[in-house]
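Each chain, letter by letter, is given below.
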Amino acid sequence: MRISGIGRKEEIPLQQREVPSQTSPFRTVFGSEVLRGEFVKFLKTIFYQLDDAKVLKEMDRILADPKKTDKEVYEELVQNIDHMRKRFPMRK
């Protein structure tokens, strides 16, 4: 929020909010319930083959180690992506 004009408060759109440069984008998204919810919507819309509950659980597990870099988080996520896919019934 910022003060504008004669002391009026304006809500700053999410896209314009500054995120400290030392904050990991992964930790920013998965550390916020609102952004986690937006990520789940994204998964359901774009990557419908992934199970959002499994993805969130895996991200929580990966991010539990605060020493991991974004590169390490990404590499571990990619390495385990197949375990996060939805199971589709087999057709006969």
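Peer 1: Can you lay out the packing of aromatic side chains for me, pointing to particular residues and giving the numbers?
Peer 2: Inspection of the entire model under this criterion finds two aromatic pairs. Consider the rings of Phe39 and Phe42, whose centres lie 6.2 Å apart with planes at 40 degrees: the pair is tilted. Of this pair, Phe39 and Phe42 both sit in helix 2 (residues 33–45), three residues apart, which is roughly one turn of the helix. When its relative accessible area of 37% is taken as the criterion, Phe42 is described as partly exposed. Among the aromatic side chains, those forming a connected cluster through ring pairs are Phe30, Phe39 and Phe42.

Peer 1: Let's hear about the nonpolar core: which residues, and what values?
Peer 2: In this structure, Phe26, Phe30, Val55, Met59, Leu63 and Val73 are the most contacted members of the largest nonpolar core, which totals 13 residues. Residues in contact with Leu63, not counting those within four places in the same chain, are Phe26, Arg27, Phe30 and Val73.

Peer 1: Tell me about the packing of helix 3 (residues 52–63) against helix 4 (residues 70–79), and please be specific about residues and values.
Peer 2: Remark: helix 3 packs on helix 4, axes separated minimally by 10 Å, with the N-to-C direction vectors making an angle of 140 degrees. Between helix 3 and helix 4, the angle falls in the class oblique. Regarding helix 3 and helix 4, the two cross each other, and that crossing is right-handed. Residue-level inspection shows Met59, Arg61, Ile62 and Leu63 of helix 3 in contact with helix 4, the latter providing Val73, Glu76 and Leu77. Here the contact of helix 3 with helix 4 is built from residues that sort into five nonpolar, no polar and two charged.

Criteria and cut-off values
Residues numbered from 1 in each chain as written. Predicted model: local features only at pLDDT ≥ 70, side-chain atom pairs only at ≥ 80, totals over all residues. Heavy atoms only, no water. Phe/Tyr/Trp six-rings, centres within 6.5 Å; stacked < 30°, edge-to-face > 60°. Helix = DSSP H or I, 4+ residues; strand = E, 2+ residues; numbered from the N terminus. Buried < 20%, exposed > 50% of the residue type's maximum accessible area, 1.4 Å probe, protein only. Core = buried A, V, L, I, M, F, W, Y, C linked by side-chain atoms within 4.5 Å. Contact = heavy atoms within 4.5 Å. Axes fitted to C-alpha atoms, helices over the stretch in contact; angles between N-to-C directions. Parallel < 35°, antiparallel > 145°, perpendicular 65-115°, else oblique. Left-handed = near helix turned anticlockwise from the far one by under 90°. Nonpolar A, V, L, I, M, F, W, Y, C, P; charged D, E, K, R; others polar.

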